[in-house]
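# Coordinate analysis (summary)
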Amino acid sequence: MRLDAGVFNVSSCGNEVLVRSGFLKYNRIDKMTRRYHTAAGLSVALLLAACGSASQQSDLTVATPPPQNVIFFLGDGMGMTTMTAARIYAVGEDGELTMDTLPETAFVKTFSNDAQVTDSAPSMSAYMTGVKMNNEVLSMSSDTRAIDPIADANGNKLANNCGGSNGNPVPTLVELAKAKGWSAGVVTTTRITHATPAATYTHICHRDLENDIATAMVPGGAGYNTALGTSGLDVVLGGGKQFFTPFKDGGKRADGRDLIAEMKAKNYTVASNATEFNAVDASKTERLFGLFTSSHMSYDLDRDPAKEPSLADMTTKAMDVLSKNSKGYFLMVEGGRIDHALHETTAKKALQDTLAFDNAIKAAIDKAKISDPTLKNTLIVVTADHDHTLVLNGYAKRTGKTSAGNAGVLGLVKNYVTGATEKDLDGAPYSIIGFGNGENRTQASRASMASLDDTTTSANTYHQEATIRVAAGSETHGGTDVFLGAIGKGADTFLGTIDNTKVFGLVKNAAGL
Ligand SMILES: [Zn+2]
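Residues numbered from 1 in each chain as written. Predicted model: local features only at pLDDT ≥ 70, side-chain atom pairs only at ≥ 80, totals over all residues. Heavy atoms only, no water.

An unreviewed UniProt entry lists the chain under the name Alkaline phosphatase, with Actimicrobium antarcticum given as the organism. According to its UniProt record, the chain has this under Sequence similarities (unreviewed entry): "Belongs to the alkaline phosphatase family." (UniProt positions renumbered as here; feature names shortened; annotations may be inferred.)

Right, here's the structure in full:
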């Protein structure tokens, strides 16, 4: 039985005992999730309170409102060119990703307080708090200066040097949700202490302070973010064990704390690999804490499903745990490694991770519709924090999706009339995907690239060519506006070209936070 069917009609306060027996009967009938226990308990409590004030006849109907849910999907670095390339890669030019089917869309400006091109810290913080802040700052006031960490006792640059009077924390959507009695979850493929997830649950002057960031999620411990309430985050899934593990045990913590043990002591069900994760019975799990890797989780292209769950599986498991709260939940899901693959200029990895992110969105919409078919109480938002410098070169002939024997969008530019390989002014072929900057730039003439072929450019580890040569792994973010798509409750308020700080208020209002 659904929660919003939890309505009790009584004709007299003298029927108190009958109502109680009615409650028990509902229990027997439904076998009952905790959600319904709570709803029924609330109704009985209200009834008894009403009866205490009068003994005469009265009619009382108490309807418990349905849970309000928000799922915020963030594709890290997922610019629109990457989305287009991922569509062609996965389903061909005329196919549709789930992201393409979202009914409401907007463009989002991503500049930060001090930079034309943002990093993930202020951009995700803008979504979560509505405040424009400096690059590398997490969920603090605009005046907060990003100050690099200094060396700790082990020589790792992880010691806090933020200073005592360097800005103030600003509330996040996750904190607002917890304050309303909702559940909250954070799911990512990066370290759980990385900038995007960290912006939801912590406040700090520099994103690199990942030891400090980890302590913010441990209820009751030193460094805990008390704005998360007494219970803290209800679901935490991702990578990054090293910032929860003492240095002497192979981790990065200089304070000797074992935060995984501390989370266990706070009644979190802990999963450290896919087997343990798959064994978690969400219906019996109040709080779930899963860290699957020491650092980031694997690229989807390299992922061993026996060791690491997919982003889609983490998302739906999180929904199962969180949805037991009768008031609702806020869930943030990050496809975090799209960004890393783009920094490496390894396009195939980036496109496959974008596809894994899209699969998670599809799984979430499908699951949400089981209990809320029209999504009238569920808002799902999909966006990115910033662009990269990926481009699609040439007047390429349509390739269709990438498959065995077809490089697709990962191949060379072919003439759309003749199918012949196109050549640049140096007489050499070139790939459809390139980058504005990156590690692979041919020195002098590209004539030396005359033998470049699809097999080479579509390989898992091929670094697409770039215009500006930078150090390996250092391709930069881009400053272009990003896509936002929305479906469900209040989705139609997302439209036009909006600043990233405006997204916070739109989510807050749509969800009633
Ligand atoms: Zn990045």
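When pLDDT is averaged along the chain, the result is 90, and 88% of the positions lie at 70 or above. Note on residues 1-57: pLDDT is under 50 here. Beyond four places in sequence and across chains, it has 77 contacts. (pLDDT = per-residue confidence, 0-100. Contact = heavy atoms within 4.5 Å.)

Considering soluble globular proteins, one finds that nonpolar side chains tend to be buried as a cluster. Counting residues in hydrophobic clusters, the biggest one holds 121 residues, and the most contacted among them are Phe 72, Phe 73, Met 217, Phe 244, Phe 330 and Val 507. When residues of this core are assigned to their parent elements, the largest contribution, ten residues, is made by helix H12 (residues 347-371). Setting aside anything within four residues of it in sequence, one finds Phe 244 in contact with Ile 192, Thr 193, Ala 214, Met 217, Arg 253, Arg 257, Asp 258, Leu 259, Ile 260, Phe 289 and Leu 291. (Core = buried A, V, L, I, M, F, W, Y, C linked by side-chain atoms within 4.5 Å. Buried < 20%, exposed > 50% of the residue type's maximum accessible area, 1.4 Å probe, protein only. Helix = DSSP H or I, 4+ residues; strand = E, 2+ residues; numbered from the N terminus.)

Let's shift gears to the packing of helix H3 (residues 80-91) against H12. At a minimum axis separation of 9 Å, H3 and H12 run at an interaxial angle of 85°. The angle between H3 and H12 places the two elements in the roughly perpendicular class. Within the contact between the two elements, H3 uses Thr 82, Ala 85, Ala 86, Tyr 89 and Ala 90 and H12 uses Lys 348, Leu 351, Gln 352, Thr 354 and Leu 355. Here the contact of H3 with H12 is built from residues that sort into six nonpolar, three polar and one charged. (Axes fitted to C-alpha atoms, helices over the stretch in contact; angles between N-to-C directions. Parallel < 35°, antiparallel > 145°, perpendicular 65-115°, else oblique. Nonpolar A, V, L, I, M, F, W, Y, C, P; charged D, E, K, R; others polar.)

Turning our attention to the sheet that holds strand S16 (residues 466-469). Strands sit in the order S14-S15-S16 across an open sheet of three strands; the sheet is mixed. Strand pairing shows two members of the sheet lacking a second neighbour, strand S14 (390-392) and S16, which therefore form its edges. Here the average twist between neighbouring strands, direction ignored, is 25°. Pairing of S14 with strand S15 (residues 433-438), which is carried by three bridges, proceeds in the antiparallel orientation. Bridge pairing in S15 places Leu 392 opposite Ile 433. (Pairing = 2+ DSSP bridges.)

Only Asp 339 (OD), Asp 339 (OD), His 343 (NE2) and His 477 (NE2) from the protein coordinate the zinc ion, and they sit 2.0 to 2.3 Å from it. Coordination at the zinc ion comes from four donor atoms whose angles at the metal span 58 to 149°, giving a geometry best classed as irregular. Site description for the zinc ion: donor spacing in sequence, D-x3-H-x133-H. Of this pair, His 343 sits in helix H11 (residues 338-343) while His 477 sits in strand S17 (residues 477-478), placing them 134 residues apart in sequence. By relative accessible area, His 343 is classed as buried at 18%. (Donors = N, O, S within 2.8 Å, 3.2 Å for Na, K, Ca; no water. Tetrahedral: all angles 85-135°; square planar, octahedral: opposite > 155°, others 65-115°.)

It is worth spelling out the environment of Glu 344 at this point. Inspection of the secondary structure assignment puts Glu 344 in the loop between H11 and H12. Ignoring any residue separated from it by four or fewer positions in sequence, one finds Glu 344 in contact with Tyr 299, Lys 349, Glu 439, His 463 and Gly 473.

Two side chains that carry opposite charge are able to pair once their charged atoms sit near each other. All told, the structure shown has 17 salt bridges when counted by the stated rule. One salt bridge in this structure joins Glu 465 and Arg 446, with 2.7 Å as the shortest N-O distance. A residue pair is termed long-range when its members are at least 10 positions apart, and Glu 465 in the loop between helix H13 (454-457) and S16 and Arg 446 in the loop between S15 and H13 qualify at 19 residues. Classification of Glu 465 as buried rests on a relative accessible area of 11%. Taking relative accessible area as the criterion, Arg 446 reaches 14% and is therefore assigned buried. Sharing partners across several salt bridges, the network here consists of Asp 424, Arg 446 and Glu 465. (Salt bridge = Lys/Arg side-chain N within 4 Å of Asp/Glu carboxyl O.)

By secondary structure assignment, the location of Gly 92 is in the loop between H3 and strand S4 (104-109). C-alpha separation for the pair Gly 92 and Lys 401, spaced 309 residues apart in sequence, amounts to 4.1 Å. The contacts of Gly 92, once residues within four sequence positions are left out, are Arg 87, Gly 400 and Lys 401.

With that settled, the discussion passes to unusual backbone geometry. For Thr 345, which is not glycine, the phi dihedral falls at a positive 55°. With phi around 60°, Ala 444 is a residue other than glycine that occupies positive phi space.

With ten of ten residues buried, helix H4 (residues 120-129) lies mostly within the body of the structure. One side-chain oxygen at the N-terminal end of H4 lies 3.1 Å from the backbone nitrogen of Ala 121; it belongs to Asp 119. Looking at the residues trailing H4, positive phi occurs at Gly 130, about 80°. (Polar contact = N/O pair within 3.5 Å; in protein donor to acceptor, adjacent residues only side chain to side chain.)

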